[in-house]
Amino acid sequence: MQARFNRRHRRRGPLFGGRYKAQHIDGRSGACLVTACDSVHLNPARAGLGRAEEPLETWRWSSYPGYLRPQWRRPWLRVDRVLGEPGRQTDGAGDRRAYARRVEALRQDGNGEAMEMKRGWRLGAEDFVEQLGRAGASVERAAERHQTDE
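What you see is a predicted model, and the numbers here were worked out from it, not measured in a lab. Numbers given to residues run from 1 along each chain, matching the order in which its sequence is written. In view of the model being predicted, local features appear only for residues whose pLDDT reaches at least 70, and side-chain atom pairs are presented and counted only at 80 or more, with totals across whole chains, interfaces and linings using the full set of residues. Water and hydrogen atoms were dropped before computing side-chain values, which therefore reflect all heavy atoms in the structure.

A. Examining helix 5 (residues 93–108) more closely. Taking 1.5 Å of rise per residue, the 16 residues of helix 5 would be expected to cover 22 Å, and the 23 Å separating its terminal C-alpha atoms lies within 8% of that figure. Within helix 5, the full set of buried residues consists of Asp95, Arg96, Tyr99, Ala100, Val103, Leu106 and Arg107. Down the axis of helix 5, the buried set is contained in an arc of 135°. They therefore lie on one face. In helix 5, the exposed positions angled more than 90 degrees off the buried face are occupied by Arg97, Arg101 and Gln108. Lining the buried residues of helix 5 we find helix 2 (30–46), helix 3 (64–68) and helix 4 (80–83). Secondary structure elements are defined from DSSP: runs of H or I of at least 4 residues count as helices, runs of E of at least 2 residues count as strands, and each element is numbered from the N terminus. To estimate the expected span of a helix, subtract one from its residue number and multiply by 1.5 Å. Only protein chains enter the area calculation, which uses a 1.4 Å probe; residues under 20% of their type maximum are buried, those over 50% are exposed, and those in between are partly exposed. The directions considered for the arc run from the helix axis to the C-beta atoms. Whether two residues touch is decided by their heavy atoms; if any such pair falls within 4.5 Å, the residues are in contact.

B. The arrangement of a positive patch on the surface in detail. Each patch groups residues whose relative accessible area exceeds 30% and which form no salt bridge, using 9 Å between like charges and 5 Å between nonpolar side chains of Val, Leu, Ile, Met, Phe, Trp and Tyr. Using a 1.4 Å probe, accessible areas were evaluated by the Shrake-Rupley method; residue-level cover was limited to the displayed protein chains. Should a side-chain nitrogen of Lys or Arg be within 4 Å of a carboxyl oxygen of Asp or Glu, the pair is scored as a salt bridge. Only four residue types enter the tally: Lys and Arg on the positive side, Asp and Glu on the negative side, with His and both chain ends excluded. To locate a charge, take atom NZ for lysine, CZ for arginine, CG for aspartate or CD for glutamate. Judged by side-chain charge, Arg4, Arg7, Arg8 and Arg60 come together as a positively charged surface patch. In this structure, Arg4 sits in helix 1 (residues 2–9).

C. A look at the pattern of salt bridges. Within the structure shown, the criterion is met by 6 salt bridges. Of the charged contacts, one joins Arg96 and Asp91 as a salt bridge, the two residues approaching to 3.0 Å between their closest N and O atoms. Using a relative accessible area of 16% as the deciding quantity, one classes Arg96 as buried.

D. Just the packing of aromatic side chains, in detail. Aromatic pairs are defined between Phe, Tyr and Trp rings, using the six-membered ring for Trp, whenever the two ring centres lie within 6.5 Å; interplanar angles under 30 degrees are classed as stacked, those over 60 as edge-to-face, and all others as tilted. Inspection of every chain in the model, using the stated rule, returns 2 aromatic pairs. Note that Arg69 overlies the ring of Trp72, its terminal NZ or CZ placed 4.6 Å from the centroid. For a lysine, the NZ atom is tested; for an arginine, the CZ atom; a charge sits over a ring if that atom is within 6 Å of the ring centre and within 35 degrees of the ring normal.

E. Representation of the environment of Ala100 in the model. Its location among the elements puts Ala100 in helix 5. Using a relative accessible area of 16% as the deciding quantity, one classes Ala100 as buried. Along the primary structure Ala100 and Tyr64 are separated by 36 residues, whereas in three dimensions their C-alpha atoms are 9.2 Å apart.

F. Region of the structure containing unusual backbone geometry. The phi angle at Arg10 is positive, at roughly 55°, despite the residue not being glycine. Structurally, Arg10 can be placed in the loop between helix 1 and strand 1 (24–25).

G. Local environment of the confidence of the model for the chain. The predictor rates its confidence in each residue with pLDDT, a number between 0 and 100. Mean pLDDT over the chain works out to 77, with 74% of the residues at or above the 70 mark. Across the chain, element-level confidence peaks in helix 3 with a mean pLDDT of 92 and bottoms out in helix 6 (residues 128–149) with 69.

H. Highlighting the packing of helix 2 against helix 5. Where helix 2 contacts helix 5, the axes come no closer than 10 Å and their chain directions differ by 60°. By the angle between their axes, helix 2 is oblique relative to helix 5. For the crossing formed where helix 2 meets helix 5, the hand is right-handed. Residues Val34, Cys37, Asp38, His41, Leu42 and Ala45 of helix 2 touch helix 5, and the partners they reach there are Tyr99, Arg102, Val103, Leu106 and Arg107. Counted by class, the contact of helix 2 with helix 5 contains 7 nonpolar, 1 polar and 3 charged residues. Fitting a line to C-alpha atoms yields each axis, with helices limited to the stretch in contact; the angle taken between N-to-C directions then spans 0 to 180 degrees. We call two directions roughly parallel when the angle between them is under 35 degrees, roughly antiparallel when it is over 145, roughly perpendicular when it lies between 65 and 115, and oblique otherwise. The handedness criterion is simple: a crossing whose near helix is rotated anticlockwise from the far helix by less than a right angle is left-handed, and one whose near helix is rotated clockwise is right-handed. Residue type decides the class: Asp, Glu, Lys and Arg count as charged, Ala, Val, Leu, Ile, Met, Phe, Trp, Tyr, Cys and Pro as nonpolar, and the leftover types, Gly among them, as polar.

What follows is the structure in structure tokens.
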């Protein structure tokens, strides 16, 4: 796939630069999810892809256009937790317009909070590390039980 794409577009190198990076995101907070989604939606701008005057929603290799236009949305894409205010999960036209304005504003001011995603291995509240530790211990105990049951 990469070689064919590069030949067709007269490019060289990997399709996606840099190494894969996974981060733990605190699901208890809608704000953390929104920050993570903002970061992903702003990636084309940070990478210098597309023209600066083009809105991010014109970047076709992103789920972002589906957040703004339901007719372009894939059936598996759930947008209500990101478009709605924390605690209010919606997908109305006003929510989509507000989200587009906010993401474009983040783009103009250097990506704001979304830049936080570049640092660290987690995004969450202060007690999130403790919660991850408890969850990890629980998974380890379940794995040990499974091994002894065999």
